[in-house]
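# Examination of the molecular architecture
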Amino acid sequence: MKMPFLPKSILGKWSIGLSISFIILIWLKIQFEIHVMTFLIAALGLAGFFTSIVSIIKNKDRGVLYFIPILVGLIIIWWIAGEMIYPH
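A short tour of the structure in this document, coming up.

Moving on to the packing of helix H2 (residues 38-58) against helix H3 (residues 67-85). Between H2 and H3, the least distance of the axes is 8 Å, while the angle of their chain directions is 130°. Our classification of the angle between H2 and H3 gives oblique. Relative to H3, H2 is oriented so that their crossing is left-handed. Side by side, H2 and H3 meet where Thr38, Ala42, Gly45, Leu46, Gly48, Phe49, Ser52, Ile53 and Ile56 of the first sit next to Pro69, Ile70, Val72, Gly73, Leu74, Ile76, Ile77, Trp79 and Ile80 of the second. In terms of residue class, the contact of H2 with H3 is built from 13 nonpolar, 5 polar and no charged.

Rules used in this analysis
- One numbering rule holds for all chains: residues counted from 1, following each sequence as written.
- A pLDDT threshold of at least 70 governs which residues receive local features in this predicted model, and a stricter bar of 80 or more applies before side-chain atom pairs are shown or counted, although totals over entire chains, interfaces and linings include all residues.
- Hydrogens are left out, water is left out, and the side-chain values use all remaining heavy atoms of the structure.
- With axes taken as lines fitted to C-alpha atoms, and helix axes fitted only over the stretch in contact, angles between N-to-C directions fall between 0 and 180 degrees.
- Helix and strand definitions here come from DSSP, where helices need a minimum of 4 consecutive H or I residues and strands a minimum of 2 consecutive E residues; each element is numbered from the N-terminal end.
- Roughly parallel covers angles under 35 degrees, roughly antiparallel covers those over 145, roughly perpendicular covers 65 to 115, and oblique covers all other angles.
- Definitions for this section: a left-handed crossing has its near helix turned counterclockwise from the far helix by less than a right angle. A right-handed crossing has that turn clockwise.
- Between two residues, a contact is recorded if the distance between any of their heavy atoms is within 4.5 Å.
- Here the nonpolar group is Ala, Val, Leu, Ile, Met, Phe, Trp, Tyr, Cys and Pro; Asp, Glu, Lys and Arg are the charged ones; every other residue, Gly included, is treated as polar.

Written as structure tokens, this is what we have:
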């Protein structure tokens with residue numbers, strides 16, 4: 001059974017787009033110090049994470065690119081947990 005590369009549902013495409021926009025914005029924030037609040041950028045990544053989970057469970061949609069929003073979301077959750085456990 002072949003696994004498709006791209007998601008087929010609209011919700012899956014949104015999750016990929018949100019996660020890619022998170023990656024681009026966080027890179028711009030690090031490189032060029034753009035003035036966007038970090039928690040707003042993180043909200044994009046978390047929205048991509050949750051939409052990918054919903055798309056996988058509800059629509060039974062599969063795709064190789066679903067690893068991007070899931071990985072991004074887990075990193076953001078890990079970062080938030082670290083900030084809560086060890087605040088600075």
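From this point, things continue past the structure.
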